[in-house]
Amino acid sequence: MQHLPQSLLRTSIFLGAALAVTFFAGCGHVTHVGGPSGPAPDRFQELEINDSPALADFVTVMDSRSFLVIDGHVEAIGVDVVDHIEFESSEPIEIDFFLEAFGPYGDVDVSIYDPIADEVLATYAVSGSFESGTIVVHEPWRPFQFVIDAYIEDAAWSLELVAFPHSCNCLAATSPESASEGDDSAIDGAAAVLPIEILDRP
């Protein structure tokens with residue numbers, strides 16, 4: 001495919017050296033050493049209609065060896081102004097994602113959405129054609145979505161996902177409310193594990 005060399009080059013740049021990010025919820029550091037598990041990604045083309053959480057394009061079940069590229073197109077104005085791309089994981093994993101827009105003024109933004117909690121966990125919207133980040137999926141089989149939209153003009157996009165083994169205990173601080181209400185997760189100061197965690201909040 002025409003974008004594959006760029007994807008592989010981008011992966012070698014970002015993952016050829018150690019990637020260390022600080023956990024938002026007070027965790028330690030995670031370091032992803034080396035590149036993806038295979039020489040070439042499994043490629044997918046987005047399928048319409050995927051303009052809402054309920055109509056999300058379910059791509060595949062991931063695991064800690066997954067290396068995926070999904071290609072798609074989104075409109076700045078029109079009937080296809082957002083793409084919901086959904087995944088599940090068969091095990092707890094960490095995922096580095098790289099989203100690139102193509103075109104002279106290509107600029108796409110992406111949000112990480114939890115459809116069960118009906119919550120946008122983070123939105124990446126820097127100026128330019130490239131967004132990247134790292135998320136941790138702690139709860140197997142919990143769906144999560146990448147929600148992609150165009151900022152200036154219609155744009156083709158390519159979303160690359162590189163998975164790694166789950167390597168940390170990312171714990172959310174126990175809230176005073178849960179402790180006062182006798183939440184079992186707060187017993188003895190224990191903290192609840194977030195189902196999906198953002199490692200590098202924008």
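Just so we're clear, the structure is a prediction, and the values are computed from it rather than from any experiment.

## Here we look at the sheet that holds strand β13 (residues 196–198)
- The six strands are arranged β3-β5-β12-β7-β10-β13 in an open sheet whose pairing can be described as mixed. The open sheet is flanked by β3 (42–45) and β13, the only strands paired with a single partner. The sheet shows a mean angle of 25 degrees between the axes of neighbouring strands, taken without regard to direction.
- Here strand β7 (residues 93–102) pairs with strand β12 (residues 155–165) via ten bridges, running antiparallel. Residue pairing in the sheet places Ile 95 in a bridge with Ala 163 of β12.

## Details of the side chain of Asp 107
- Summarising the element assignment, Asp 107 is placed in the loop between β7 and β8 (108–114).
- At 3.5 Å, the side chain of Asp 107 and the backbone nitrogen of Gly 128 are in polar contact.
- Residues in contact with Asp 107, not counting those within four places in the same chain, are Ala 101, Val 126, Ser 127, Gly 128, Asp 149, Ala 150, Tyr 151 and Ile 152.

## Here's the deal with the sheet that holds β8
- Strand order in the open sheet formed by five strands is β4-β6-β11-β8-β9, with mixed pairing between adjacent strands. The sheet is open, and its two borders are formed by β4 (57–62) and β9 (119–124), each paired with just one other strand. Here the average twist between neighbouring strands, direction ignored, is 25 degrees.
- The pairing of β8 with strand β11 (residues 144–150) spans six bridges and is classified as antiparallel. Bridge assignment links Tyr 113 to a residue of β11, and that residue is Gln 145.

## A few points about the confidence of the model for the chain
- Per-residue confidence for the chain averages 78 on the pLDDT scale, and 68% of its residues sit at or above 70.
- For residues 1–29, every residue scores under 50 in pLDDT, and the model assigns this stretch 68 contacts once sequence neighbours within four places are set aside.
- Below a pLDDT of 50 lies the segment residues 171–191, which in the model reaches 22 contacts outside its immediate sequence neighbourhood of four places, other chains included.

Rules and cut-offs
- Residues numbered from 1 in each chain as written.
- Predicted model: local features only at pLDDT ≥ 70, side-chain atom pairs only at ≥ 80, totals over all residues.
- Heavy atoms only, no water.
- Pairing = 2+ DSSP bridges.
- Helix = DSSP H or I, 4+ residues; strand = E, 2+ residues; numbered from the N terminus.
- Axes fitted to C-alpha atoms, helices over the stretch in contact; angles between N-to-C directions.
- Polar contact = N/O pair within 3.5 Å; in protein donor to acceptor, adjacent residues only side chain to side chain.
- Contact = heavy atoms within 4.5 Å.
- pLDDT = per-residue confidence, 0-100.

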